[in-house]
Amino acid sequence: MARRSDDPPEVTGYEHRQIEPIWESYQQYLASPEWRQVRDEIMIRDNGLCRDCGAQATEVHHVIYPEIIGIENYDQLVAVCRHCHQFRHETNCDLPDRI
């Protein structure tokens, strides 16, 4: 059957081609001064303590990733230590805030 001009474009392999640019731009955002400012504000808000275990926080975790990179909902960001951050990603589990 011939393809009509109003048919949606063929999507074979489309998903794979879209992942890399999004990932690259997300990594660029995490290296940006804008993310550094957000990260610093979350660290101040959480008193530099891990929201899971109370240890010194070293990282900020996205409880829910933003739909648009760089448009952050601060309620969805928490300060965490490296151990708890790894746990959240390895288990795909977000613990309720304990502090």
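Residues numbered from 1 in each chain as written. Predicted model: local features only at pLDDT ≥ 70, side-chain atom pairs only at ≥ 80, totals over all residues. Heavy atoms only, no water.

S.K.: Any chance you could explain the overall build of the protein here in plain terms?
M.R.: For the protein, the helix and strand inventory stands at three helices and two strands. Beginning at the N terminus, the succession of helices and strands in the protein can be written as α-α-β-β-α. For the protein, buried positions account for 27% of its 99 residues. Counting only contacts in the protein whose residues sit at least 6 apart along the sequence, the fraction spanning at least 24 positions is 55%. Counting only carbon and sulfur atoms, one obtains 55% of the accessible surface of the protein, whose full area is about 7400 Å². (Helix = DSSP H or I, 4+ residues; strand = E, 2+ residues; numbered from the N terminus. Buried < 20%, exposed > 50% of the residue type's maximum accessible area, 1.4 Å probe, protein only. Contact = heavy atoms within 4.5 Å. Areas by Shrake-Rupley, 256 points an atom, 1.4 Å probe, with all protein chains shown as cover.)

S.K.: Honestly, the nonpolar core in this entry has me stumped. Any pointers?
M.R.: For soluble globular proteins, the rule of thumb is that nonpolar side chains tend to be buried together. Core analysis: the largest hydrophobic core is formed by nine residues, namely Tyr29, Trp35, Val38, Ile42, Met43, Ala57, Val60, Leu77 and Ala79. Of all the secondary structure elements, the ones that give two or more residues to this core are helix 2 (33-45) and strand 2 (77-80). The element contributing the most residues to this core is helix 2, with four residues. Those residues in contact with Ala79 that sit more than four places away from it in its chain are Ile42, Met43, Asp46, Leu49, Cys50, Arg51, Ala57, Glu59 and Val60. (Core = buried A, V, L, I, M, F, W, Y, C linked by side-chain atoms within 4.5 Å.)

S.K.: Any chance you could explain the side chain of Arg51 here in plain terms?
M.R.: For Arg51, the location among the structural elements is in the loop between helix 2 and strand 1 (59-62). Polar contacts involving the side chain of Arg51 include one to the side chain of Asp46, which spans 2.8 Å. (Polar contact = N/O pair within 3.5 Å; in protein donor to acceptor, adjacent residues only side chain to side chain.)

S.K.: Just checking my understanding: could you explain the environment of Val38 for this structure?
M.R.: Within the secondary structure, Val38 is located in helix 2. Owing to a relative accessible area of 9%, Val38 belongs among the buried residues under this scheme. With 32 residues separating them in the primary sequence, Val38 and Gly70 have C-alpha atoms 9.4 Å apart. With residues up to four places along the chain from it excluded, the contact list for Val38 reads Tyr29, Glu72, Tyr74 and Leu77.

S.K.: What am I meant to see in the pairing of strand 2 here?
M.R.: Within a regular strand, side chains alternate between the sheet's two faces. What you see with strand 2 is no split at all: Leu77 and Ala79 on one side and Val78 and Val80 on the other are buried throughout. As paired strands, strand 1 and strand 2 are joined by four bridges and run antiparallel to one another. Note that in strand 2 the partner of Glu59 across the bridge is Val80. (Pairing = 2+ DSSP bridges.)

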